[in-house]
Amino acid sequence: MRNSSAELAPDAFRAAGHQLVDRIADFLATLPTLPVAPSTTPQAVRELIGAEASLPSTGADAGAILAEAAELYFKNSTFNGHPRFFGYITSSAAPIGALADMLSSTVNANCGAWALSPVATEMERQVVRWIAELIGYTPDAGGILVSGGNMANMVALMTGLRSVAGHDVRSLGIAGGEKLAVYASSEVHTWFQKGADICGLGTDAVRSVPIDDALAMDVAALERQIREDIDDGWTPAFVVGTAGTVSTGAIDPLREIGALCREHGIWLHVDGAYGAPAAMVADASEALRALSIADSVAVDPHKWLYAPLEAGCTLVRDPEKLLNAFSFHPVYYRFGGDAEDPPTNYYEWGPQNSRGNRALKVWATMRQCGRDGYMRMISEDIELSRAMHRLAADHDELEALTQSLSITTFRYVPRELRAGVGAPDVEKYLNDLNSRLLERLQAGGEVYLSNAVIGGRFALRACIVNFRTTMADAEALIAAAAREGRALYTR
Ligand SMILES: *Cc1c(COP(=O)(O)O)cnc(C)c1O
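So, here is what we can say about the structure in this document. Keep in mind the model is a prediction, meaning the values are calculated, not measured.

Here's the deal with the sheet that holds strand β3 (residues 206-209)
Either a parallel or an antiparallel arrangement is found when strands of a sheet pair, and the pairing is made through backbone hydrogen bonds. The sheet built from seven strands is open, its strands ordered β1-β7-β6-β5-β4-β2-β3 with mixed pairing. Looking at which strands have only one partner, the edges of the open sheet turn out to be β1 (142-146) and β3. Along the sheet, successive strands turn relative to each other by an average axial angle of 20°, direction set aside. As defined by bridge partners, strand β5 (residues 267-271) adjoins strand β6 (residues 296-299) across three bridges and the pair is classed as parallel. Following the sheet pairing, valine 270 is matched in β6 by valine 297. Along the sheet, helix α6 (residues 149-164) makes contact with β1, β2 (179-185), β4 (234-242), β5, β6 and β7 (312-316), crossing β5 at roughly 175°.

Laid out in structure tokens, this is it:
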């Protein structure tokens, strides 16, 4: 056997692996007792890892490296798997995903081509179909796993523009024909701007459609904008309906938006990165279920399907469109296969070439939970979020703001200022107070939440995509917000 510094002999692998698994199991057992976020600074963390040191010329023992890494990680991380993590839309990860990742890194299949990843590619196809089924989309959709919601949405944008444009975007470029306009509500996630920018459309092509009182897209305003653009010589090409906005979980009226899109030959894309899995629960709204009519949907398995980062999924109703948008055939690849039973070569379905096996951790997590498991976890998350909203509404120092899907927003309002809510000077003070309150709560390590800005009001925002959160955790967040708000106000 060649004496190679990268090799780890079976016995050494076994010993280092068992030790690591034991450390991880201990960590998971104690997670609820740890601070949600560490109280530290970039400089302190750099010192801890000796950030300025060069890579040593001699290597080190694998077991010792992993022990050190585990210690560093467990003491200096923000834990989105903690039951009191309510920030952003970052979910807790099912532990089976970690084990699946180890398996997938071991075999290290290259999921760019079927020949390099026979079972892994078929598992990805299966997982894509399961996701489509779960959210009530057509199981015949084409799809691919990508790194997350941003990429899943951008792959749909590139596919939609290439399908809808009257010119050959792939050879002439996006600017090589008519001027294409794209639409989303003012609450759309920033992927849209970023996507318009990096795919060469330019952000001037982006139309920001006003929202209604429920923070969902105003369809009449969308229609006016489309007509105005047509009159001005633009070609309306792509509309995003968001199924669960990142700030407040609002759901755009997808059915009405879809009707407009059909009338004008516009591609309807649904950004369901966060909210799409909630379409399966018993009391899902009609607006959310209407995601089934979209030309494409983005869903994040690393959000409400509880797979570890990174996993996003693009679904396209007509699989050919995805292939038409991304396929090239370089001379150095001969992955043709049997015409009767053609292999799926994912390098032709998206922007990536070599691809790791992202599917396995999603596949394993989905199998462990099953459809019923997801229905229950998602319903419970939504129920907890509603309960949290009621707690805020009943508290005389808190003002409950929005509640949709599993996102609740509220703010601290001192009793003395209650009567003044709405007055410009009081609002200004409350915005400042709540922004300081957010920083204080994040630094405290007891709970972790983020913020939203709703009609100019700075709100505390709690999102529950966390299968570990209980009612006691929701109560702890409300109590901490009131207690720390009072401490800041009376200081
Ligand atoms: C999270 C989110 C995104 C971005 O997804 P990433 O996985 O963070 O890249 C896009 N849109 C919506 C609605 C989201 O919730």
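Once the structure has been displayed, the description carries forward.
Quick notes on the sheet that holds strand β11 (residues 457-463)
Here we have four strands laid out as an open sheet, ordered β8-β9-β11-β10, and antiparallel in their pairing. A strand with exactly one partner marks an edge of an open sheet, and here the two such strands are β8 (398-404) and β10 (450-454). Strand-to-strand, the axes of this sheet are offset by a mean angle of 35°, without reference to chain direction. Pairing of β8 with strand β9 (residues 407-412) involves five bridges; the strand directions are antiparallel. Bridge pairing in β9 places leucine 398 opposite tyrosine 412. Taken strand by strand, helix α14 (residues 424-444) contacts β9, β10 and β11, and its axis lies near 30° from that of β11. The strands that helix α15 (residues 471-490) touches are β8, β9 and β11; relative to β9, the one it contacts most, it runs at about 25°.

Quick notes on the side chain of glutamate 348
Within the secondary structure layout, glutamate 348 lies in the loop between α12 (319-326) and α13 (359-394). It is arginine 170 that comes nearest to the buried, bridge-free glutamate 348 among opposite-charge side chains, at 8.3 Å. Within polar-contact distance, the side chain of glutamate 348 engages the side chain of serine 327 at 2.6 Å. At a separation of 2.8 Å, a polar atom in the side chain of glutamate 348 contacts the side chain of histidine 329. Once residues lying within four places of it in the same chain are set aside, the contact partners of glutamate 348 are Leu322, Leu323, Phe326, Ser327, Phe328 and His329.

Section: the pairing of β7
Among the five residues of β7, five are classified as buried, and the element is accordingly described as predominantly covered. Burial of β7 is two-sided: the residues Gly312, Thr314 and Val316 facing one way and the residues Cys313 and Leu315 facing the other way are all buried. Here four bridges tie β6 to β7, and the two strands are oriented antiparallel to one another. What sits directly across from serine 296, in β7, is valine 316.

Considering a nonpolar patch on the surface
Together, Val21, Leu99 and Met102 make up a nonpolar patch on the protein surface, roughly 260 Å² of accessible area in all. Within the fold, methionine 102 resides in helix α4 (residues 95-107).

Conventions used here
- Residues numbered from 1 in each chain as written.
- Predicted model: local features only at pLDDT ≥ 70, side-chain atom pairs only at ≥ 80, totals over all residues.
- Heavy atoms only, no water.
- Pairing = 2+ DSSP bridges.
- Helix = DSSP H or I, 4+ residues; strand = E, 2+ residues; numbered from the N terminus.
- Axes fitted to C-alpha atoms, helices over the stretch in contact; angles between N-to-C directions.
- Contact = heavy atoms within 4.5 Å.
- Buried < 20%, exposed > 50% of the residue type's maximum accessible area, 1.4 Å probe, protein only.
- Lys, Arg positive; Asp, Glu negative; His and termini not counted.
- Salt bridge = Lys/Arg side-chain N within 4 Å of Asp/Glu carboxyl O.
- Polar contact = N/O pair within 3.5 Å; in protein donor to acceptor, adjacent residues only side chain to side chain.
- Patch = residues over 30% accessible without salt bridge, like charges linked within 9 Å, V, L, I, M, F, W, Y side chains within 5 Å.
- Areas by Shrake-Rupley, 256 points an atom, 1.4 Å probe, with all protein chains shown as cover.

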